[in-house]
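If you want the building blocks of each chain, they are given just below.
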Amino acid sequence: MTTLHPHLPATAPSAHPTHSGLVALVDAVAPGTVIAVDALPERLQPGAVPLVVLTGAELPGSPSDELVRHLRAGGRAVLAVAPPAAPWAGHRLGLWPLAAPGARPVALPAADDPLVFDPSVTARVVLPELDGLRLAGDDLVALAGGTGRALAEVEGRAVALVVPVGAGTLVVLGGVRLLTNRWIAAADNAAVLSWALTGHPHPAAPDVVRAHRPDPARHHAPVPVVDAHGDTSLLALLPPADVAVAAPEFMAAAARAARLLPPEVHDALVGFVDRGEPAGALLLTGMPVGDVPPTPPSPTASTGKDHVSELSLLTVGRRLGQPVGYEPEHGGDVVQNLLPTASDVDRQTSTSSGVELEFHTETAFHRHRPRYLLLICLRGDPAAATTLCSVSEVLDHLPLGVQQVLREPRFRTGVDESFTGRRSDRLGRPMPVLSGSEDRPTFVFDADLMVGIDQEAEDALQELRAVIGRQHVSVTLAAGDLLVVDNAVAVHGRSPFAARFDGTDRWLQRAFVVADLAPSAGERVGRVLTTRFAP
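## Some thoughts on the environment of Gly 175
- Mapped onto the elements of the fold, Gly 175 is located in the loop between strand E10 (168-173) and helix H4 (181-184).
- The spacing of Gly 175 and Asp 139 is 36 residues in sequence and 6.5 Å in space, taken between C-alpha atoms.
- Beyond its immediate sequence surroundings of up to four residues, Gly 175 is in contact with Ala 80 and Val 81.

Below, the structure written as structure tokens:
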């Protein structure tokens, strides 16, 4: 059981990082308040304003009669409830049921699909002293009125109440997610909650919350490393030399070869798909690459090499999903050679060398972008580092207000010139940068091609760019290293290096992997996506 006390600095680490914005709010507007996330103190002191998160049938920690005593003596308290707690919460406190048994969250049709309900609902605050404010949250619960008065309503149904209890006041919020970092910065939640805690509006409360950074001292998680021990067992299924890498027979062999991977490698890949990694990437070392000839002068030049590295790459790809190619990229090859070329030294492309390759989601503009990006190193360069940054590792450094803006569809992305043949001014539809749940966020970002549609969005994008620049990690790949990047979770780039163009330059091979081939069926021939983009 853990109690958060508001006298802690807003940036202090806590057992409840998802509630750090709440701590910052209380520290600013109600420094005498007790925030009880798991348990109330055994005794509530006069002047304390307990905030109780109730998700079960029982009041956590302190008995319910202590809370009732505190209220009847003239105290104030805030109770956040959600099913299955909501129907019985009032009864446990000696009040009427706060919601009818079997109550469900308020459900409104989603704006983009009237066949489904949108879990995120915005309520109108109806108290005169808070006129015009909005309360937003996931799964807001409609509460019974009883002797209370509505604080906020959705289509006439109260989702927040002000309830007199003796000489005191109980404020009931129908939704526990109103208190998490994601939602306390949404709409006017901070202002409403500051009033709930103190009984007085605090105009500066939203600014306090939106400026809060959950944990700016946090360091990026390292990329986990799994050693394949140089195991070559999968080569038992290497197809004959005359079978092309793009042939169905080669891909079938790669699928079968997954069972020959070292157990620790196989299990790490399964875990990466199922649970992910905080770093958004996984590094396999000691993977077979075969005999490596001189680095070719261009990605499509004939090399005469064996197909050992291709089998390693596609075996891992098939364990993760379905390898695909993109027609504009190297003709749609499912395995692509990445190496420096003299013509692209200073361009923002994978064949550059003299410039820093900016952080980006692979094909951020594409509706069928890959879920995983795979890079295997045939020949390394100690000066060339692959840079990585995971969304879960930057959120704690971003102000909550910036996070909120990044979750809104206020960003547009251009198309990579490798897909159109030249730099284009065309931009795609508005989209959010951040998506996913609070515990498993995802993002799409391209430092070179993405813009905000207004100044606030552009400022948020630049803040994200700056944090990524400070918090990323680097991996310098050597021969036999295979890097797996979750393209929905991590962005990547590359440091500049000095290319020699003499057959000894850095040489990687790349593969793109989607979770399922079916969504792209109308824009795909075999494993090659043929989506066309306007120049």
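## Examining the sheet that holds strand E24 (residues 490-494)
- Sheet architecture is open: four strands sit in the order E15-E24-E17-E22, paired in antiparallel fashion. Strand pairing shows two members of the sheet lacking a second neighbour, strand E15 (357-360) and strand E22 (473-475), which therefore form its edges. Across this sheet, the average inter-strand angle for adjacent strands is 20 degrees, counted without regard to direction.
- Examined bridge by bridge, E15 and E24 share two bridges and lie antiparallel to one another. Paired with Leu 357 across the two strands is Arg 494, which belongs to E24.

## Some words on the sheet that holds strand E9 (residues 157-165)
- Strand order in the open sheet made by the eight strands is E1-E2-E3-E10-E9-E8-E6-E7, with mixed pairing throughout. Taken across any chain shown, the strands that pair with only one partner, and hence form the sheet edges, are strand E1 (35-36) and strand E7 (134-138).
- Bridge count between strand E6 (residues 120-125) and strand E8 (residues 149-154): two bridges; the pairing is antiparallel. Bridged to Arg 124 within E8 is Glu 153.
- Strand contacts of helix H2 (residues 64-72): strand E2 (51-54), strand E3 (76-81), E9 and E10, with the helix running at about 135 degrees to E3, the strand carrying the most contacts.

## Here's the deal with the packing of helix H8 (residues 263-274) against helix H9 (residues 308-320)
- Two elements in contact, H8 and H9, have axes whose closest approach is 9 Å; the angle formed by their N-to-C orientations is 45 degrees. Viewed along their axes, H8 and H9 adopt a mutual orientation that is oblique. The two elements H8 and H9 cross, and the hand of that crossing is right-handed. Counted together, His 266, Leu 269, Val 270, Phe 272 and Val 273 of H8 and Val 316, Arg 319 and Leu 320 of H9 form the full contact between these two elements.
- For the contact of H8 with H9, a count of residues per class yields six nonpolar, one polar and one charged.

What counts as what
- Residues numbered from 1 in each chain as written.
- Predicted model: local features only at pLDDT ≥ 70, side-chain atom pairs only at ≥ 80, totals over all residues.
- Heavy atoms only, no water.
- Helix = DSSP H or I, 4+ residues; strand = E, 2+ residues; numbered from the N terminus.
- Contact = heavy atoms within 4.5 Å.
- Pairing = 2+ DSSP bridges.
- Axes fitted to C-alpha atoms, helices over the stretch in contact; angles between N-to-C directions.
- Parallel < 35°, antiparallel > 145°, perpendicular 65-115°, else oblique.
- Left-handed = near helix turned anticlockwise from the far one by under 90°.
- Nonpolar A, V, L, I, M, F, W, Y, C, P; charged D, E, K, R; others polar.

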